[in-house]
Amino acid sequence: MNASLPAENQRLSRAVLRIDVTDHAGVMSHVVGLFSRRACNVEAILCLPAGDGRHSRIWLQVEDNPRLPAMIRQVEKLIDVQSVARCDAGIFERLSGLAAG
Amino acid sequence: MNETLTGAQITVRLLERQGIRTVAGIPGGAILPIYDALGQSTAIRHVLARHEQGAGFMAQGMARATGETAVCLASSGPGATNLLTAIADAKLDSIPLVAITGQVPQAMIGTDAFQEVDTYGLSIPITKHNFLVSSAEELLEVIPRAFAIAASGRPGPVLVDIPKDVQTQAIEIAGWPEPGKAAPTPAAEPASIAAAAAMIDAAERPILYLGGGVVHSGAAPLAVDLAEKAGLPTVMTLMALGAMPVDHPLSLGMLGMHGARHTNLALDECDLLIAVGARFDDRATGKVAAFCPQAKIIHIDIDPAELDKIKAAHVGIVADVGQALAELLPAVATRARPAWTARIAALQAAFPPALPGCDDPRSHFGLIRAVAACLDRDAVVATDVGQHQMWVAQAYPLRRPRQWLTSGGLGTMGFGVPAAIGAALAEPDRTVVCFTGDGSILMNIQELATAAEESVNLKIVLMDNASLGLVHQQQTLFYGERLFASQFRRTPDFVAVARGFGISAVDLDQAANPCAALIDAISRPGPCLIHASIDVEQKVYPMVPPGAANRDMIGA
């Protein structure tokens, strides 16, 4: 999760994934590790409890490249992942002020 | 009636309810409660390995020979880390395994306790799924789920890490969960089956490309039926050998890096490639851009992540390959394809498979053929990893799915002997032969003690060239003959070593009649080591140089 240089930020196109998971101690490690092991930098992460508390929703901002569809299919195979969807970057744009301070 | 049981007793009872009858492992402090409960089980036989990696490969041998999920056990810390290679090997070859490890008590997790390691974290990338169990109650859900996950869809290894306090926690059991089993598989889309059938009917030069998934799904007979009905010449990956008998008229044998030249050249000319349970591994495809360059591709696999991973498919079918083949079979036309068959026959005539010395039992190919002549299709053939593995893949007449046990994806030296022990434990009526090399056998030689203790019907054929043969070969061919760290300056007396472990042994080098010595050694029940020196200068040919296209093979 290295910070990218501003110039690089502009060059790279981004994707935000919304991932619904069953909540337990290892699930973040399963999901995020899948990206890091494939040398794919996770630029932003948000995780919140969802619904009955046995589920969580994770948002990940990653580089959008031709390998991303294959990565998404690998994420979908994780036992604790219920669904993966691409969504707009709005959620991280609204949070970007937190990192500035 | 409610019973009060400990987590350890629950674990053992759940294994019994899964139908597990043999487990391999090594005890240690953090798994002693489970071993205490296991010792009371009359249903489960525990085989004591001499290294946890050996236990992991024994479980793999059981699973590969039978297709059923198998179990290995290890303690925390070094016990768990020693298992990891065998688990990673199972992941890459899609072998259903449940590994159970002891862990330090929950209160001590994260304190650098004695023999504590983050087994859960270490096993994430090499398992299909893993669990760290936090209560005895949870075992009732986790253990059946572990078996269900291991066997469902594309099979794979599952690790269950159980802290010692969970093993000793006693709870009241009101009822038992159903044993975990493979989930039903999704059906293929009828439109895709129809599209695939139309492509097969329209093709002039099709090739059927079978992978390990065909063996895993029990679909080998259906694949042979499809090949025969639609007139499809058939290639197999290393993992699929045996799916179609090698002497079947449509069999082109193994493709790829060490496949026959005519096989790779036929692929180069095909206009349709029907990939079934295969993943376009780099050892099979060579340079991907040049693999089957003129072909349309039908790809059938149970794992959606395999489609379009390496090669984009014109028709991709996500389904159990057995179900998909059963649907495809009535949909395709009966065809003979005389022009394509004649072209393949011409390629075979121009580039006949080269097995030099196959009549001389003192040569590498001759030894393999002489061993095969002592056995029938009921035998199980395991290998280690290296030159001997490729020679056996090229020369052994494999005729039955699950006859062939080899470490394909991970290529783990040390796989052979313990995997062969596992196969012999699971199928005691079969003769198991393990081809190995002098490099590989030393990586799990301690399991000779297990083989002796269990009196398994295992014949180890040690092809000794006093070197790391494939490294020697690559250094000779691609590194200017600068041989470094690939030759053993001193080698053990393997016959004496085997006898020291309590296993009978024969040295074919000293035998006046090597064939007679071989027949004598193989026909005697129980474990036996057969030592044979081979020429270090022999290469595995033909060979696709690393990174080259399959059409550009060298040698033979």
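What counts and how
- Residues numbered from 1 in each chain as written.
- Chains lettered and ligands numbered in written order.
- Predicted model: local features only at pLDDT ≥ 70, side-chain atom pairs only at ≥ 80, totals over all residues.
- Heavy atoms only, no water.
- Helix = DSSP H or I, 4+ residues; strand = E, 2+ residues; numbered from the N terminus.
- Buried < 20%, exposed > 50% of the residue type's maximum accessible area, 1.4 Å probe, protein only.
- Contact = heavy atoms within 4.5 Å.
- Areas by Shrake-Rupley, 256 points an atom, 1.4 Å probe, with all protein chains shown as cover.
- Domains from an automatic or database assignment.
- Buried area = accessible area lost by both parts, 1.4 Å probe.
- Salt bridge = Lys/Arg side-chain N within 4 Å of Asp/Glu carboxyl O.
- Polar contact = N/O pair within 3.5 Å; in protein donor to acceptor, adjacent residues only side chain to side chain.
- Nonpolar A, V, L, I, M, F, W, Y, C, P; charged D, E, K, R; others polar.
- Pairing = 2+ DSSP bridges.
- Axes fitted to C-alpha atoms, helices over the stretch in contact; angles between N-to-C directions.
- Expected span 1.5 Å × (residues − 1).
- Bend = angle between axes of the 7 residues up to and from the residue.

### Focus on the overall build of chain A
Part 1: Secondary structure assignment for chain A yields four helices and four strands.
Part 2: Counting every position in chain A, which comprises 101 residues, the buried fraction comes to 37%.
Part 3: Across chain A, every contact between residues at least 6 apart in sequence was considered, and the portion connecting residues at least 24 apart equals 71%.
Part 4: Carbon and sulfur atoms make up 53% of the accessible area of chain A, which amounts to about 5,800 Å² in all.

### Notes on helix α19 (residues 447-454) of chain B
Residues and elements named next belong to chain B.
Part 1: For α19, a buried count of six out of eight residues is recorded, marking the element as mostly surrounded by other parts of the structure.
Part 2: Every buried residue of α19 is accounted for by E447, L448, A449, T450, A451 and E454.
Part 3: Summarising the contacts, the buried residues of α19 are in contact with β3 (45-48), α3 (52-66), α17 (416-426), β18 (458-464) and α21 (494-500).
Part 4: One or two steps after α19, the chain reaches S455, where phi turns positive at roughly 50 degrees.

### Looking at the domain arrangement of chain B
Residue and element names in this part refer to chain B.
Part 1: According to the domain assignment, chain B consists of domain 1 (3-173), domain 2 (190-350) and domain 3 (364-533).
Part 2: The interface of domain 2 with domain 3 comprises 14 residues on the first partner and 15 residues on the second.
Part 3: Both sides of the domain 2 and domain 3 interface together cover about 1,300 Å² of buried area, and 62% of this is carbon and sulfur.
Part 4: The three residues of domain 2 that bury the most area against domain 3 are L238, L241 and H258, which together make up 39% of that side's buried surface.
Part 5: Where domain 2 packs against domain 3, one counts one salt bridge.
Part 6: Residues R399 and D247 are paired through a salt bridge, measuring 2.7 Å at the closest nitrogen-oxygen approach.
Part 7: Across the contact surface, domain 2 and domain 3 share six residue pairs in polar contact (both at pLDDT 80 or more).
Part 8: Among the residues forming the side of domain 2 that touches domain 3, the class breakdown is nine nonpolar, three polar and two charged.

### Comments concerning the sheet that holds strand β17 (residues 432-437) of chain B
Residue and element names in this part refer to chain B.
Part 1: Strand order in the open sheet made by the six strands is β16-β15-β17-β18-β20-β19, with parallel pairing throughout. Looking at the sheet topology across the chains shown, the edges are occupied by β16 (404-405) and β19 (504-507).
Part 2: Helix α22 (residues 514-523) rests against β18, β19 and β20 (528-533) of the sheet, and its axis sits at about 155 degrees to β20.

### Examining the pattern of salt bridges
Residues and elements named next belong to chain B.
Part 1: Counted under the stated rule, the structure contains 22 salt bridges over all chains.
Part 2: We note a salt bridge from E453 to R50, for which the minimum N-O separation is 2.7 Å. Residue E453 is located in helix α19, and its partner R50 is located in the loop between β3 and α3; the two are separated by 403 residues in the primary sequence.
Part 3: We note a salt bridge from D268 to R551, for which the minimum N-O separation is 2.9 Å. Here D268 is found in helix α11 (residues 261-269), whereas its partner R551 is found in the segment after β20, with 283 residues between them in sequence.

### Focus: unusual backbone geometry
In terms of backbone geometry, most residues other than glycine have negative phi values and most peptide bonds are trans.
Residue and element names in this part refer to chain B.
Part 1: Residue Y541 is joined to P542 through a cis peptide bond whose omega torsion reads -5 degrees.
Part 2: Take P542: it is sitting in the segment after β20.
Part 3: The residue D308 is not glycine, and still its phi comes out positive at about 65 degrees.
Part 4: Note that D308 resides in the loop between β13 (296-301) and β14 (315-318).
Part 5: In the Ramachandran plot, A466 falls in the positive-phi region, its phi being about 50 degrees despite a non-glycine side chain.
Part 6: Turning to its location among the elements, A466 is positioned in the loop between β18 and α20 (469-478).

### Points about the sheet that holds strand β2 (residues 42-50) of chain A
Residues and elements named next belong to chain A.
Part 1: Taken together, the four strands give an open sheet; going across it, the order is β2-β3-β1-β4, and neighbouring strands pair in antiparallel fashion. Sheet topology places β2 and β4 (81-87) at the edges, where each strand pairs with a single neighbour. Strand-to-strand twist of the sheet, defined as the mean angle between neighbouring strand axes without regard to direction, takes the value 20 degrees.
Part 2: Relative to strand β3 (residues 55-63), β2 is paired through eight bridges, and the arrangement is antiparallel. Across the sheet, C47 pairs through a bridge with I58, a residue of β3.
Part 3: In the packing of helix α4 (residues 90-100) onto the sheet, the strands contacted are β1 (14-22), β2 and β3, and the crossing angle to β2 comes to about 100 degrees.

### Remarks on the interface of chain A and chain B
Part 1: Counting from both sides, the interface comprises ten residues of chain A and, opposite them, 15 residues of chain B.
Part 2: When the area that chain A buries against chain B is broken down by residue, the three leading residues are H30, R73 and I79 of chain A, summing to 52%.
Part 3: At the surface where chain A touches chain B, the tally comes to one salt bridge.
Part 4: Our enumeration of links across chain A and chain B arrives at four residue pairs in polar contact (both at pLDDT 80 or more).
Part 5: Listed by contribution, the elements that provide at least two residues to the side of chain A that touches chain B are α2 (27-36) and α3 (68-77) of chain A.
Part 6: The leading source of residues in the side of chain A that touches chain B is α3 of chain A, at three residues.
Part 7: Taken together, the residues of the side of chain A that touches chain B sort by class into one nonpolar, five polar and four charged.

### Observations concerning helix α6 (residues 136-151) of chain B
Residue and element names in this part refer to chain B.
Part 1: With 16 residues, α6 ought to run about 22 Å at 1.5 Å a step, and its terminal C-alpha atoms sit 24 Å apart, in line with that.
Part 2: At V142, α6 shows its strongest bend, of approximately 25 degrees, with the proline P144 following within four residues.
Part 3: Taken together, the buried positions of α6 are A136, L139, L140, V142, I143, P144, A146, F147, A148, I149 and A150.
Part 4: Trailing α6 by a residue or two, G153 shows a phi angle of about 55 degrees, which is positive.

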